[in-house]
Amino acid sequence: MADEDAQRTGEPGESSEPLAEFDMEFVDQLPGGRVVIPVESRGRFTWLVARGHVSEQARREFVQEIQHIVGRGLWRQNWPAETD
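A brief look at the structure comes next.

About the criteria used
Residues numbered from 1 in each chain as written. Predicted model: local features only at pLDDT ≥ 70, side-chain atom pairs only at ≥ 80, totals over all residues. Heavy atoms only, no water. Salt bridge = Lys/Arg side-chain N within 4 Å of Asp/Glu carboxyl O. Helix = DSSP H or I, 4+ residues; strand = E, 2+ residues; numbered from the N terminus. Buried < 20%, exposed > 50% of the residue type's maximum accessible area, 1.4 Å probe, protein only. Phe/Tyr/Trp six-rings, centres within 6.5 Å; stacked < 30°, edge-to-face > 60°. Expected span 1.5 Å × (residues − 1). Arc of directions from axis to C-beta.

## A word on the pattern of salt bridges
Step number 1: Scanning all chains against the criterion turns up three salt bridges.
Step number 2: Between Glu 56 and Arg 59 there is a salt bridge, with its nearest N and O atoms 2.4 Å apart. You can see Glu 56 and its partner Arg 59 sitting in helix H1 (residues 56–71), three residues apart, about one turn around the helix.
Step number 3: On the basis of relative accessibility, which here comes to 42%, the residue Glu 56 falls in the partly exposed class.
Step number 4: Among the ionic pairs, Glu 56 bridges to Arg 60, the shortest N-O distance being 3.8 Å. Of this pair, Glu 56 and Arg 60 are both found in helix H1, four residues apart, which corresponds to roughly one turn of the helix.
Step number 5: For Arg 60, a relative accessible area of 46% translates into the label partly exposed.
Step number 6: Each of Glu 56, Arg 59 and Arg 60 takes part in a single network of salt bridges with overlapping partners.

Encoded structure:
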């Protein structure tokens, strides 16, 4: 089972709809010997990280920095609107 740290972050003063949603998921290995691969899907941005290559302190700092960037409105994810 993968470890996961999901965050929903929005700019203060705006609606409760998040401007970006992200998580960091630790996996046993990644293709090509990579350590980190970003993967985007509708509604979520996931950082896949090879287990053992990112310390807990680095993970916490990453989460803190992303929260700051998103909270300031410097990173927004704009997925196409749903169509019925």
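## What to know about the packing of aromatic side chains
Step number 1: Under the counting rule described, the total for this entry stands at two aromatic pairs.
Step number 2: One aromatic cluster is present, built from ring pairs that chain together Phe 45, Trp 47 and Phe 62.

## Topic: H1
Step number 1: With 16 residues, H1 extends 22 Å between its outermost C-alpha atoms, agreeing within 8% with the 22 Å of an ideal straight helix rising 1.5 Å per residue.
Step number 2: Those residues of H1 lying buried are Arg 59, Val 63, Ile 66, Val 70 and Gly 71. Seen from one end, H1 has its buried residues packed into an arc of 125°, which puts them on one side.
Step number 3: Of the residues trailing H1, Gly 73 is marked for its positive phi of about 80°.

## Regarding the environment of Arg 51
Step number 1: Along the chain, the position of Arg 51 falls in the loop between strand E4 (44–50) and H1.
Step number 2: Assessed through its relative accessible area of 33%, Arg 51 is described here as partly exposed.
Step number 3: Between the alpha carbons of Arg 51 and Leu 30 there is a distance of 9.5 Å; along the sequence they are 21 residues apart.

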